[in-house]
Amino acid sequence: MNEINLGLKIKKFRTDQKLSLKELAEMINSTSALLSQIEKGITNPSINTLKGLSKALNIPLYKFFLEETLKKVHIVRAQERKVIKPSKSEGVSYEILSPEPQTQVEFMILNLEPYSSSKEKEVGHEGQEVAFILEGEVKLHLDNESYVLFQGDSIKIEKFVKHSWENFTSKHTKIIFAVTI
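Everything quoted here is computed from the prediction, not taken from an experiment. (Residues numbered from 1 in each chain as written. Predicted model: local features only at pLDDT ≥ 70, side-chain atom pairs only at ≥ 80, totals over all residues. Heavy atoms only, no water.)

(A) Spotlight on the pairing of strand β3 (residues 105-112). Sheet topology places strand β2 (residues 92-96) next to β3; 5 bridges connect them, and they run antiparallel. Bridge pairing in β3 places E95 opposite I109. One ladder, built from 8 bridges, connects β3 with strand β9 (residues 173-180); its direction is antiparallel. Across the sheet, the residue bridging to L110 is I175, located in β9. (Pairing = 2+ DSSP bridges. Helix = DSSP H or I, 4+ residues; strand = E, 2+ residues; numbered from the N terminus.)

Rendered as structure tokens:
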């Protein structure tokens, strides 16, 4: 019998429903720190926490304990990539390179059309980000400073550092990046 990784299952159910750690924690009267530890496998949830997660996620309790056959290889074919186009960001799209089920790292391509920006204001997130400028050039706004990055440059951004990407040129920009989760 294989060991069941409750943390990864909980994370998958949460991310499938597009809930943040904080949102789910509030729904079950817990903390995002505890949920993060559960998802990373640092600690195991109590039965009461599992019952709360089951109710909040609308997932029958038994589904947390079903064994799944884990594939050794996950392939995402170019033509099968998921593409996300934020509704408020004209000329911006993200291509999801990470296969399902999600792992500890999300791998994506950010496409920025000429004179577009990833966000209206700088935002931070829970995880380190490493980015590589694949095509074009881009301005990275980072905690009230700006850096111009050119094709072939790479950068690491620490957790929670507020940032946004801006294509200030007349050419398409493509950034490949990974974010720890």
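Still more ground to cover, so stick around.
(B) Broad picture of the sheet that holds strand β7 (residues 154-157). Pairing within the open sheet is antiparallel, and its 6 strands lie in the order β1-β2-β3-β9-β4-β7. Only two strands of the sheet have a single partner each, and these edge strands are β1 (82-84) and β7. Averaged over all pairs of adjacent strands, the angle between strand axes in this sheet comes to 25°, irrespective of strand direction. As defined by bridge partners, strand β4 (residues 129-135) adjoins β7 across 4 bridges and the pair is classed as antiparallel. In the sheet register, E129 faces β7, and the bridge partner there is I157. (Axes fitted to C-alpha atoms, helices over the stretch in contact; angles between N-to-C directions.)

(C) Inspection of the sheet that holds strand β8 (residues 163-166) at higher detail. Taken in spatial order, the 3 strands of this open sheet run β6-β5-β8, and their pairing is antiparallel. Each of the sheet's edge strands pairs with one partner strand only, and the pair in question is β6 (145-150) and β8. If you compare each strand with its neighbour and ignore which way they point, the axes differ by 25° on average. The pairing of strand β5 (residues 137-142) with β6 spans 6 bridges and is antiparallel.

(D) Representation of helix α3 (residues 32-39) within the structure. All of the buried residues along α3 are L35, S36, I38 and E39. When α3 is viewed along its axis, its buried side chains cluster within an angular range of 160° and face the same direction. Against α1 (6-16), α2 (21-27) and α4 (47-57) lie the buried residues of α3. One or two residues past the end of α3 sits G41, with phi positive at roughly 80°. (Buried < 20%, exposed > 50% of the residue type's maximum accessible area, 1.4 Å probe, protein only. Arc of directions from axis to C-beta. Contact = heavy atoms within 4.5 Å.)

(E) Molecular detail of the nonpolar core. L110, W165 and I175 are the most contacted members of the largest nonpolar core, which totals 19 residues. Within the second largest apolar cluster, 16 residues are counted, among which are L24, A25, L35 and L57. (Core = buried A, V, L, I, M, F, W, Y, C linked by side-chain atoms within 4.5 Å.)

(F) Local environment of unusual backbone geometry. Although it is not a glycine, Y115 sits at a positive phi angle of roughly 60°. Looking at where Y115 falls in the secondary structure, it is placed in the loop between β3 and β4. In this structure Y115 comes out as exposed when scored by relative accessible area, which is 60%. Of note, the phi angle at D143 is positive, near 45°, even though the residue is not glycine. Within the fold, D143 resides in the loop between β5 and β6. The exposure class of D143 is partly exposed, given its relative accessible area of 43%.

(G) How the structure looks around the pattern of salt bridges. The tally for this structure, following the rule as stated, stands at 4 salt bridges. A salt bridge links R14 to E39, with the nearest nitrogen and oxygen atoms 2.6 Å apart. One end of the pair, R14, is in helix α1; the other, E39, is in helix α3, with 25 residues separating them in the sequence. Across this residue pair, the class does not change: R14 and E39 are buried. In this structure, E158 engages K156 in a salt bridge whose closest nitrogen and oxygen atoms are separated by 3.2 Å. Since its relative accessible area comes to 39%, E158 is described here as partly exposed. (Salt bridge = Lys/Arg side-chain N within 4 Å of Asp/Glu carboxyl O.)

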